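Spelled out from the first residue to the last, the chains are:
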Amino acid sequence: MSVTPAGGLDAIVGPAGLRGPDVTRDRISSVVPTLVAEPDTPEQVAQVLAWCARERQTVVLRGAGTKMGWGRVPSDVDVLLSMHRLNRVIAHEHGDLTTTVEAGTRLGDLNEALARHGQYLPIDPPSGDGATVGGLLATNDSGPLRHRFGTPRDLIIGIQMATTEGVLAKAGGRVVKNVAGYDLSKLLTGSFGSLAAITSATFKLSPLPRDSGTVVIATPDDADLSQLIREVMDSQVDLTSFEVAVDVGLAESAAGSRHILLRCCSLTGSVAPQLEELTRFVSATPRRVDVVTGQHEHALWRRVPVLSGDSTRAAAVRVSWLPADLDRVLLAAREATAEIPALLNGRAALGAGQILLGGNAEQQAHAVERLRSSSAIGNVVLMRGSSDLKSRVDVWGPPRNIQSVMAALKNAFDPHGVLNAGRGPV
Amino acid sequence: MASPLTTGALTTALRAIVGESHVLSESLDVLTYECDALPHLRETPVAVVMPGSADEVQRVVGLCAEAGIPFVARGHGTGLSGGATPVAGGVVISLARMNRVLRIDIPNQRVTVQPGVTNLEITRQVAPFGFYYAPDPSSQQVCSIGGNVAENSGGAHCLKYGFTVHHVLAADLVLPSGEVVTLGGAFADSPGPDLLGLVIGSEGTLGIVTEITVRIVRRPASVQTLLAAFPTIDAGGAAVSDIIAAGIIPAAIEMMDELAIQAAEASVHPGFPQAASLLIVELDGALSEVTAGMALVEEICRTRGTTHLERALDDTQRARIWKGRKGAFAAMGRVSPNYYVQDGVVPRSRLSDVLHRIRDLSQRSGLRIANVFHAGDGNLHPLICYDDRVPGQAAHAAAVAAEILTYCLDAGGSLTGEHGIGLDKAPYMAQMFSADDLSLMQQVRRVFDPNGVCNPGKVFPTPRLCGEVPGPYREHPAERAGLAERV
């Protein structure tokens, strides 16, 4: 039986929820989907997925589309399932510091609503405030606030998801402490829309910081940078963010910039003494130390996480390292990117960040391979890059011994293999 | 697949793997392993096998998989929900011998251990360097890290620092098939679904962890502990809400009611004032932050009508306050011959409502109920007092406990905050989750354990369990021996 792709879909989402693609805006890497479905309810999402599974139509999920370039270049995409109409803040239990929110809600919109009660969801991803909570969970994306608050997987406490069987299922709950049943919210975190569609999530929240200040330290050499990171890690300073940013590209840029950013957020009146103590602690030749507060600080931190999100032509690679091994990491990164501009930034005490790569696809592919071959650097995942680059290196890197379990999970959740059109990671 | 193995052939095969002396099969020898710290649920295992290495665990599991024999992993048996209760016809795999600390990496702030290492041992090892392991279940002197991983254990300080799942970086897992996989790793951000997060808290139903890497935390620069007494439960509850609303995230906020205070006083004499409710609030971090925060907390307590404020000025005073709190469970023995403990969670904002319902239930049922709990995260621990010698009272207590769980669910809460579902609360899962929710979880379980040999009968309701009620508390041998306390 030949299937008209729209046959049945329009009945699920209604005429307002189904349209043809916009060849520019709806493109996934170089692939244009056949149809765009825009459901308005979790039930509709479940029905669309069931329809896709039944009709063997491949389907890619999209929140705000801020990370559509991530993942492998897809095979043909039949349906682009946009979650943007599921954008309601279902509950903000401010007395409990929790919120339940639909997956298509943008982080910025959510935080605006939460701010009315002086709270926020402490995530500052490179993809910015426009990213949706569903997309943040699916990619487990995070920024400098990770140092204190972890990644979305550490903040989610409950989930509702739609499966390819057309079922809406939930796990976890609405309370911050809960060990009843399997924590499927963790399983969906980092799944990149390959297992099921997240339709809503419950998060634990934080009070908005009453006061804040940042110490910025510039140092002219790698050894001092590593030394400084070890000193701060071994101290009792209580930081909200602890960032490192280093120009690693181009052989001659060993003279390039090296910065550490230490951010303190706290109760009114207690930040200033902490900044003073920090400044005393880190000040030593040959370092330059600046304290940034107020509007300047705000502007600074808006800039830092999007460093890797906005640079138009650069490829972005997620990388991890052992925090005390930073000098080895820098050496390896400098070797790998000797011919192209490159910037490493990330969470200094967690050993998690990204490298932005300039140059052309061939040079970038060479750099990715070199990074992967270094024992100092792990989990090198190509987040954003041209189709040309993705044809030269695998986005996800070499398989690990967990691959058989991943494949079995994929088969259980998506037996017909319609979800995410081969973009990965499962 | 499996050819049936006689008990003799099984123990012979197990001995061939782990050595003669590390397999127990005589009924007297396996007696200790018939239950965990939920002693009213018991089962006699065919054998108890004590592997000494990851390789031996893998071979034992492989043997069980091959022969279709169910197995239950066990740490130190301190679990409170029957998660380590043996399975009829099955084997208990005790990880107690695998108790080595494998690597201490202070510069990278992590420690790698075998599953039988106790929670507190990690802190002991890294304390000289100024670090500690944050999750602190009250059984931390004896409970194992492997068990903590299975249960996603919390503790009094998880309000600020999170649970086991927030502190484990990597684990080696022997799958029920005998295959070994690594979850997470030395480097952050393993690509793909967070299987480590899924396995932590899966109550030993997805495999057995044989090596665990945890992160350790730098001791805070400053810690301050406050004791505040209130004339009513409501006043104490309101103070908790106000503290959270003021933007303060304490390291811990614990609450005790009148009966619990009396019990603690009778037992460990912490010098608590008599009051309807007592709060213990602990702040830690930078000195300026802790000082500013504590001033705010004290002001909130005064506004809410506190009758007694006492700030612990040194470690001795702090230890005395915590001794009163952590010893409260064991102290219940001073005021009641038996008690049954629940672990339900309610949203913080509903604490007062639910405590009122519990008080009404206490009056209606004629059973005294003490409350000692983690108020900061809404995790209740009602202790239902009864006398086993009075016919029918144990069952009555169990029914009362079950009713409290419905209050928690009505308020939008959970069946369990940290003790786990295990065997104890499996019959109630259908009250919290829909058939579709449970079916999806079971589907995940089958991916890991298609033949249903890994801790079967736990977590999910089975027809066999539907008619059962959670049982009353009985003192665990480890508690009697003073080795363990309950949260």
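Above: the structure in question.
Everything numeric in this text was worked out from a predicted model, so none of it was measured. (Residues numbered from 1 in each chain as written. Chains lettered and ligands numbered in written order. Predicted model: local features only at pLDDT ≥ 70, side-chain atom pairs only at ≥ 80, totals over all residues. Heavy atoms only, no water.)

1. Digging into the interface of chain A and chain B
Right, so step 1: Facing 73 residues of chain A, the contacting portion of chain B comprises 84 residues.
Right, so step 2: At the surface where chain A touches chain B, the tally comes to five salt bridges.
Right, so step 3: Two residues, B:D194 and A:R153, come together in a salt bridge whose shortest N-O distance is 2.8 Å.
Right, so step 4: In this structure, the connection of chain A to chain B is made through 31 residue pairs in polar contact (both at pLDDT 80 or more).
Right, so step 5: Going through the elements one at a time, α6 (152-155), β9 (168-172), α7 (184-188), β14 (258-266), α9 (271-282), β16 (315-321), β19 (377-384) and α14 (403-413) of chain A are the ones with two or more residues in the side of chain A that touches chain B. (Contact = heavy atoms within 4.5 Å. Salt bridge = Lys/Arg side-chain N within 4 Å of Asp/Glu carboxyl O. Polar contact = N/O pair within 3.5 Å; in protein donor to acceptor, adjacent residues only side chain to side chain. Helix = DSSP H or I, 4+ residues; strand = E, 2+ residues; numbered from the N terminus.)

2. Focus on the pattern of salt bridges
Right, so step 1: Taken as a whole and assessed by the stated rule, the structure comprises 46 salt bridges over all chains.
Right, so step 2: We note a salt bridge from A:K177 to B:E418, for which the minimum N-O separation is 2.8 Å. With A:K177 in the loop between β9 and α7 and B:E418 in the loop between α14 (393-410) and α15 (429-432), this residue pair bridges two chains.
Right, so step 3: Its relative accessible area of 0% is what places A:K177 among the buried residues.
Right, so step 4: Among the residues examined, B:E418 registers a relative accessible area of 8% and is labelled buried.
Right, so step 5: For A:R347, the salt bridge goes to A:E243, with nearest N and O atoms at 2.4 Å. (Buried < 20%, exposed > 50% of the residue type's maximum accessible area, 1.4 Å probe, protein only.)

3. A closer look at helix α8 (residues 233-245) of chain B
Residue and element names in this part refer to chain B.
Right, so step 1: End to end, α8 covers 18 Å across 13 residues, agreeing with the expected 18 Å (1.5 Å per residue, within 8%).
Right, so step 2: Those residues of α8 lying buried are A235, G236, G237, A238, A239, V240, I243 and I244.
Right, so step 3: The N-terminus of α8 is capped by T232, whose side-chain oxygen sits 2.9 Å from the backbone nitrogen of A235.
Right, so step 4: G247 occupies a position one or two residues after α8 and carries a positive phi of about 85°. (Expected span 1.5 Å × (residues − 1).)

4. A look at the sheet that holds strand β5 (residues 89-93) of chain A
Two pairing modes exist for strands in a sheet, parallel and antiparallel, and in both the strands are linked by backbone hydrogen bonds.
Right, so step 1: Pairing in this open sheet of five strands is antiparallel, and the strands run β5-β6-β10-β8-β9 (chain A) from one edge to the other. Whereas interior strands pair on both sides, the edge strands pair on one side only; in this sheet they are β5 and β9 of chain A. Direction aside, neighbouring strands of the sheet carry axes that sit 10° apart on average.
Right, so step 2: Inspection of the sheet shows strand β6 (residues 98-102) of chain A paired to strand β10 (residues 197-204) of chain A by five bridges, in the antiparallel sense. Opposite A:T100, over in β10(A), you have A:T202 as the bridge partner.
Right, so step 3: Against the sheet, helix α3 (residues 107-115) of chain A makes contact with β5 and β6 of chain A, and its axis sits at roughly 35° relative to β5(A), the strand it touches most.
Right, so step 4: Here helix α16 (residues 435-448) of chain B sits on the sheet in contact with β8 (156-162) and β9 of chain A, set at roughly 75° to β9(A). (Pairing = 2+ DSSP bridges. Axes fitted to C-alpha atoms, helices over the stretch in contact; angles between N-to-C directions.)

5. Topic: the sheet that holds strand β2 (residues 35-37) of chain A
Residues and elements named next belong to chain A.
Right, so step 1: Strands sit in the order β1-β2-β4-β3 across an open sheet of four strands; the sheet is mixed. In this open sheet, the two strands that pair with only one neighbour each are β1 (18-19) and β3 (59-62).
Right, so step 2: Note: β1 against β2, two bridges, orientation antiparallel. Its bridge partner being in β2, R19 is matched across the sheet by V36.

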